[in-house]
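Each chain is listed here by its residues.
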Amino acid sequence: MKGFFKWQGWVISLLVLVLLAGGCTPPPPDAGSSGKQKLVYASTADVVGLSPIKTNDRASARALDQIYETLFTRDPKTMEIQPLLAESYEQKDPNTLEITLKKGIKFHDGTPFNAEAVKYTFDKFRDPKTAAPRASLLEPIDEVIVKDEFTVVLKTKKPYGPLLAALAHSNASIVSPTADKKGNLMKKPVGTGPFKFKKWVPGDKLILEANEDYREGAPKLKEVEFRVVPEVSTAISLLETGEVDLVDSLQPEHLDRLKNNQKVNVKTNDGTPVTYLGFNMKKGPGKDKTFRQAVAHSINQEEVVDALKGVAHSSKGIIGPKVFGYNKEIEKEGYDYDVKKAQKLLKEAGMDDKTMTITTANTGNYPTLAELVQGQLSKAGLKTKIQTLEFGAYLDRLRKGDFEMVIGGWTNSTGDGSELLYPQLHSDNIGASNGTQTSIPKADELIDQTRTTTDKEKRLKVLHEANQLLVKEAPWVPLHHGVIVIATSKNVQGLEVDPTGEWHLQNVSLK
Amino acid sequence: MAGLIVRRLFQLIPLLLGISFIVFISLHLAPGDPASMIGGPTATREDLASIREDLGLNDPLFTQYFRYISGVVQGDLGYSYQTKQSVTEAIMIRFPNTFNLAIASIIVATVIGVGAGMISAIKQNTSLDALSTIGALAGISIPNFWLGSVLILLFAVNWQWFPAAGVTQPPWTLQGMKELILPAITLGTGSAALIARMTRSAVLEVIRQDYIRTARAKGVKEKSVILLHCMRNAMIPVITVIGLNFGFLLGGTIITEQVFAINGVGRLMIQAIANRDYTMVQGAVLLVATLFVLVNLLVDILYALIDPRIRYE
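Residues numbered from 1 in each chain as written. Chains lettered and ligands numbered in written order. Predicted model: local features only at pLDDT ≥ 70, side-chain atom pairs only at ≥ 80, totals over all residues. Heavy atoms only, no water.

**Considering the overall build of chain A**
Reasoning step 1: In terms of helices and strands, chain A carries 15 helices and 19 strands.
Reasoning step 2: Taking 511 residues into account, the globule formula puts the C-alpha radius of gyration at 24 Å, and chain A, at 25 Å, falls close to it.
Reasoning step 3: Dimensions along the principal axes, computed over C-alpha positions, put chain A at roughly 85 × 75 × 40 Å.
Reasoning step 4: Counting across all 511 residues of chain A, residues that qualify as buried make up 58%.
Reasoning step 5: Excluding contacts between residues fewer than 6 apart, the proportion of contacts in chain A whose partners are at least 24 apart in sequence is 67%.
Reasoning step 6: Across chain A, the mean location of the 68 positive side-chain charges is 3 Å away from that of the 66 negative side-chain charges. (Helix = DSSP H or I, 4+ residues; strand = E, 2+ residues; numbered from the N terminus. Rg over C-alpha atoms; globule rule 2.2 N^0.38 Å. Buried < 20%, exposed > 50% of the residue type's maximum accessible area, 1.4 Å probe, protein only. Contact = heavy atoms within 4.5 Å. Lys, Arg positive; Asp, Glu negative; His and termini not counted. Charge placed at Lys NZ, Arg CZ, Asp CG, Glu CD.)

**A short note on a negative patch on the surface**
Reasoning step 1: A surface patch of like charges, here negative, comprises Asp428(A), Glu445(A), Asp448(A) and Glu46(B).
Reasoning step 2: Look at Asp448(A) and you get partly exposed, because its relative accessible area is 33%. (Patch = residues over 30% accessible without salt bridge, like charges linked within 9 Å, V, L, I, M, F, W, Y side chains within 5 Å. Areas by Shrake-Rupley, 256 points an atom, 1.4 Å probe, with all protein chains shown as cover. Salt bridge = Lys/Arg side-chain N within 4 Å of Asp/Glu carboxyl O.)

**Here's the deal with the nonpolar core**
Residues and elements named next belong to chain A.
Reasoning step 1: Core analysis: the largest hydrophobic core is formed by 164 residues, its most contacted members being Leu-277, Phe-291, Leu-382, Met-405, Ile-407 and Leu-421.
Reasoning step 2: Every residue in contact with Phe-291, bar those within four places of it in the chain, is listed here: Phe-279, Pro-285, Gly-286, Leu-346, Ala-349, Met-351, Met-356, Leu-382 and Met-405.
Reasoning step 3: Ala-117, Val-144, Ile-484 and Val-492 belong to the second-largest nonpolar core, a separate cluster that totals 63 residues. (Core = buried A, V, L, I, M, F, W, Y, C linked by side-chain atoms within 4.5 Å.)

**Section: helix H8 (residues 174–207) of chain B**
Reasoning step 1: If you check H8(B), its first and last C-alpha atoms are just 40 Å apart, much less than what 34 residues at 1.5 Å a residue would give, namely 50 Å.
Reasoning step 2: Gly188(B) marks where H8(B) bends most, by close to 40°. (Expected span 1.5 Å × (residues − 1). Bend = angle between axes of the 7 residues up to and from the residue.)

**Some details on the packing of helix H1 (residues 2–29) of chain B against helix H13 (residues 278–306) of chain B**
All names here are of chain B.
Reasoning step 1: In the contact formed by H1 and H13, the axes pass within 9 Å of each other and the chain directions differ by 150°. When the interaxial angle is binned, H1 and H13 end up roughly antiparallel. With respect to the hand of their crossing, H1 and H13 are arranged in right-handed fashion.
Reasoning step 2: Its residues placed into classes, the contact of H1 with H13 shows 19 nonpolar, 5 polar and 2 charged. (Axes fitted to C-alpha atoms, helices over the stretch in contact; angles between N-to-C directions. Parallel < 35°, antiparallel > 145°, perpendicular 65-115°, else oblique. Left-handed = near helix turned anticlockwise from the far one by under 90°. Nonpolar A, V, L, I, M, F, W, Y, C, P; charged D, E, K, R; others polar.)

**Quick look at unusual backbone geometry**
Reasoning step 1: Non-glycine residue Ala474(A) carries a positive phi angle of around 55°.
Reasoning step 2: Tracing the backbone through its elements, the reader meets Ala474(A) in the loop between helix H15 (456–473) and strand S17 (476–489).
Reasoning step 3: Judged by relative accessible area, Ala474(A) falls into the buried class, the value being 0%.
Reasoning step 4: Located in the positive-phi region is Ala261(B), a residue other than glycine, with phi close to 50°.
Reasoning step 5: Considering the arrangement of structural elements, one finds Ala261(B) in the loop between helix H11 (254–259) and helix H12 (265–274).

**Some points on the UniProt feature "transmembrane region" (unreviewed entry) in chain B**
Residues and elements named next belong to chain B.
Reasoning step 1: According to UniProt, the positions carrying the feature "transmembrane region" (unreviewed entry) are residues 12–30, 101–122, 134–160, 180–199, 234–255 and 284–306.
Reasoning step 2: Taken end to end, residues 101–122 is 100% helix and 0% strand, and its two terminal C-alpha atoms sit 31 Å from one another.
Reasoning step 3: In residues 180–199, the share of helix is 100% and the share of strand is 0%. The end C-alpha atoms are 26 Å apart. (UniProt positions renumbered as here; feature names shortened; annotations may be inferred.)

Take a look at the structure:
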């Protein structure tokens with residue numbers, strides 16, 4: 001009997017403890033709402049690492065944007081490229097960009113920021129031995145020359161129009177050479193940005209603290225926590241309970257829940273991402289332009305945008321309204337939604353009784369879009385099967401060109417049209433980023449021109465021409481252009497969201 | 001007993017070698033490529049080639065396997081392809097979270113499961129028995145994902161009794177316990193249901209035996225008959241189920257870790273698989289396999305402690 005009471009006693013104590021714990025109100029969460037000027041961001045993925053040279057993922061980029069700085073930056077409202085660590089620049093000749101750097105800036109470890117630091121960063125980034133995942137960003141640079149302590153000269157192999165946009169990309173952030181030589185930036189980053197590294201528990205959280213010596217004054221936030229919350233619905237619950245202050249990566253199904261919440265602000269901003277229905281241009285029916293036109297006429301973009309409940313906007317262009325190179329004239333071109341015409345063209349292409357497979361990844365809106373597209377194509381008389389793959393397997397299929405039709409997308413983090421067309425639709429990148437295996441000689445020529453033209457107005461013109469040609473050739477049928485959606489607690493002030501989805505916390509504060 | 005332990009530990013060596021080989025081959029046969037995942041959709045052919053070279057993926061498969069396994073036998077599980085972090089370090093950061101969650105869940109499962117099973121057996125064919133059976137069926141059938149989300153909405157968002165997600169404090173602190181309660185209930189219900197079914201049938205089998213009748217005839221109180229005479233003998237199959245479940249829980253509880261944002265081994269493994277982070281997947285699988293064997297060994301030892309008739313040669 002003694003044993004019994006002992007055992008029973010344990011159970012009762014445990015139950016009492018559980019009830020006691022449940023009955024107490026949790027202490028105020030260690031978040032911004034406590035008035036500590038600490039902002040907590042719920043990130044669906046952990047950072048891969050903290051070096052701009054060795055990473056190429058969204059979660060890392062969001063953190064890098066607060067720790068490091070680039071030579072140039074993009075104004076989130078106008079999308080204009082402006083100097084950041086650069087003071088000024090001059091295009092000396094089509095292959096030479098001379099950049100004068102700001103003076104008196106120090107990295108978080110005290111190392112002075114100068115032309116040597118820029119050269120060190122870019123040389124390491126471009127060195128094949130480094131195996132930088134985003135090495136292609138600075139591939140057009142041939143040589144980095146230190147002219148004097150605060151002047152650096154970038155020599156390109158050919159004239160390179162999107163160079164400033166590339167230099168404004170998170171991966172082109174300048175690192176402290178001393179810190180990189182001494183330690184591992186992947187674990188202990190050292191930049192010049194408004195926030196300094198404090199602590200990283202891989203898989204759990206990354207904590208940054210204010211750089212009190214920041215040249216434009218210390219940021220108002222004293223601490224920023226990047227908390228890994230893989231499920232967006234859990235992240236939203238945390239936002240509702242005040243345990244986090246900022247959530248992004250939101251899907252249409254989350255918006256209603258958030259919009260009805262008094263404690264939460266939802267910000268939307270038309271963005272640069274584009275989502276498309278693509279064809280295998282190398283083999284199968286996708287090679288036939290008549291078939292592609294039939295499919296293009298079957299797609300009702302307005303219906304797609306409506307179905308995505310505010311996370312999409314429409315444009316007929318492959319280069320969308322928020323991307324450099326867009327011209328609204330494109331809206332008059334492209335293919336209108338016209339089922340009868342689609343039916344006629346399908347017959348012409350001999351595809352009216354065939355079944356095609358739409359390959360898609362199991363991420364984001366892709367499965368929803370695949371079903372929507374399937375419905376629209378069936379109205380025009382084209383039967384389709386949907387093949388949903390895990391992202392790694394999906395990417396593999398795309399690289400190998402092993403699919404018939406595909407739902408795909410491109411975020412375009414430089415916001416420049418060339419950085420969309422070249423990787424995705426130029427024949428140079430078949431087997432890599434050009435998943436649809438597109439090889440249209442005239443388009444290649446135009447895309448090359450968009451890269452080699454350095455004059456801004458001329459670039460706009462040639463990007464529009466390339467956009468027109470590609471819309472007509474239709475290797476892609478644009479399904480929608482993205483809207484960046486972020487949700488914050490009501491006390492977050494001063495947050496601006498760039499159309500590429502980037503945000504900076506330098507001017508953010510908590511009420 | 002010592003012989004059993006030594007024998008089992010020796011058996012681990014070929015088992016782990018076999019597992020590492022199968023995992024290695026399956027990962028390489030599966031579609032997808034680590035370089036592609038590191039480079040992402042933006043990577044050019046040149047980017048991919050230099051990443052592959054850097055990771056040694058251009059070497060023949062057997063060279064890659066032997067390079068890996070020779071590291072493992074020296075205690076080096078290698079470095080993550082993706083984060084360049086030590087695999088051992090990455091696992092060690094996460095394992096305590098998974099371990100604490102597994103312990104909390106198995107406590108919840110055992111308390112509910114054994115309790116419900118006993119009541120069900122003692123009150124056989126009554127409404128209590130039916131209720132317990134229905135409860136067990138529901139426990140097995142309700143998906144963790146759904147249950148977790150509902151518990152968060154009710155107890156964290158609406159009533160604010162518990163934190164919605166995450167583990168920030170050690171489990172022996174009040175805050176730490178609060179953080180573990182919802183995930184432990186989410187995870188424990190499935191195991192509780194199994195334990196309840198097993199306890200019910202084991203108790204029913206034992207309760208009909210002669211020595212129980214003798215005990216009752218001697219005038220021993222019913223409580224003692226059940227808890228001291230009956231339960232001890234009924235515990236063997238129950239402990240097997242508890243042990244097996246605990247082994248599974250230690251292997252990472254992917255969905256619960258995902259829903260409650262717990263930085264555990266299950267989540268590490270699923271991310272590593274998604275990223276084709278071969279070294280990380282292999283390290284995590286080896287850990288899980290070792291733990292599973294050790295937990296089963298522990299269960300065997302417990303048998304002998306509970307039932308002195310069981311002896312290991």
